[in-house]
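# Results of the structural survey
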Amino acid sequence: MLDDDDVVLITVPGWGNSGDKHWQTLWELTYPLARRVQQQDWLYPEREAWVAALDQLVRDTPGRIVLAAHSLGCHTTVAWLRTVDFVTQRRIKGILLVAPPALPITEAQARASGELPAAAAMPAFTGFEQPDAGALPVPAVMVASRDDLFCDFATAESMASGWGVRLLDAGHAGHMGSHAGLGSWAAGQQLLQRFILA
């Protein structure tokens, strides 16, 4: 049973899920109240199904929540926020949006990322054709790098502005996933703690 001051961390991975060296996975190992959204198909994402999985996990999670989303998980989280009522919004203490890709994701980007097996068909990324627009109804911060394969920094700035969130410049950190060498990403943990302690 949760205490009144407990906050649950929900991680929302992106396309291909998050591997053993991903900061989301490392956070889950050290934070006792961590839960990960599980998708039925990590390789061929469909926005409606991904949003539904996140919604179900939030419904099954008592108390207050912070979300840490990466890559396509950012767009899933933003889309989910458009569907929830005010009571659910009030349970969300904050959202960390890390390296959301520019939409739509091109085949060149998908092939170059290494997520897609060589012989695999290109995902349609159904429902992820363009970012949702409009200010987010909960506290949030976005982190993006200047050499992300999936998103140039100007587009990241535009997304952050459209969502009404502060954008933090991560420098040259690539896509900020498993291959970025971030480890447990202390700077990201500090951002998350600000939401938890607010």
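Everything quoted here is computed from the prediction, not taken from an experiment.

Bringing unusual backbone geometry into the picture now. Between Leu 103 and the following residue, Pro 104, the backbone shows a cis peptide bond with an omega angle of 0 degrees. Mapped onto the secondary structure, Pro 104 falls in the loop between β4 (92–98) and α5 (107–113). Within the chain, Ser 71 stands out as a residue other than glycine whose phi angle is a positive 55 degrees. Position of Ser 71 among the secondary structure elements: in the loop between β3 (64–70) and α3 (72–81). In the Ramachandran plot, Trp 185 falls in the positive-phi region, its phi being about 50 degrees despite a non-glycine side chain.

As a further point, take the pattern of salt bridges. Working definition: two side chains of opposite charge can pair if their charged atoms are close together. Applying the stated criterion across every chain yields a total of five salt bridges. As a salt-bridge pair, Glu 107 and Arg 111 come within 3.3 Å of each other at their nearest N and O atoms. Residue Glu 107 and its partner Arg 111 are both found in helix α5; the two are separated by four residues, about one turn of the helix. Note on Glu 107: relative accessible area 44%, which makes it partly exposed. A salt bridge links Arg 146 to Asp 169; its shortest N-O distance comes to 2.6 Å. Within this pair, whereas Arg 146 is found in the loop between β5 (140–144) and α6 (153–163), its partner Asp 169 is found in strand β6 (residues 166–169), the two being separated by 23 residues in sequence. The exposure class of Arg 146 is partly exposed, given its relative accessible area of 45%.

Another point: the pairing of β5. Regular strands place side chains that alternate from one sheet face to the opposite one. Counting buried positions over the five residues of β5 gives five, a clear majority of the element. Burial of the side chains of β5 extends over both faces: Ala 140, Met 142 and Ala 144 are buried on one face and Val 141 and Val 143 on the other. With four bridges connecting them, β4 and β5 associate as parallel partners. Its bridge partner being in β5, Leu 96 is matched across the sheet by Val 141.

Reading the values: the criteria
Residues numbered from 1 in each chain as written. Predicted model: local features only at pLDDT ≥ 70, side-chain atom pairs only at ≥ 80, totals over all residues. Heavy atoms only, no water. Helix = DSSP H or I, 4+ residues; strand = E, 2+ residues; numbered from the N terminus. Salt bridge = Lys/Arg side-chain N within 4 Å of Asp/Glu carboxyl O. Buried < 20%, exposed > 50% of the residue type's maximum accessible area, 1.4 Å probe, protein only. Pairing = 2+ DSSP bridges.

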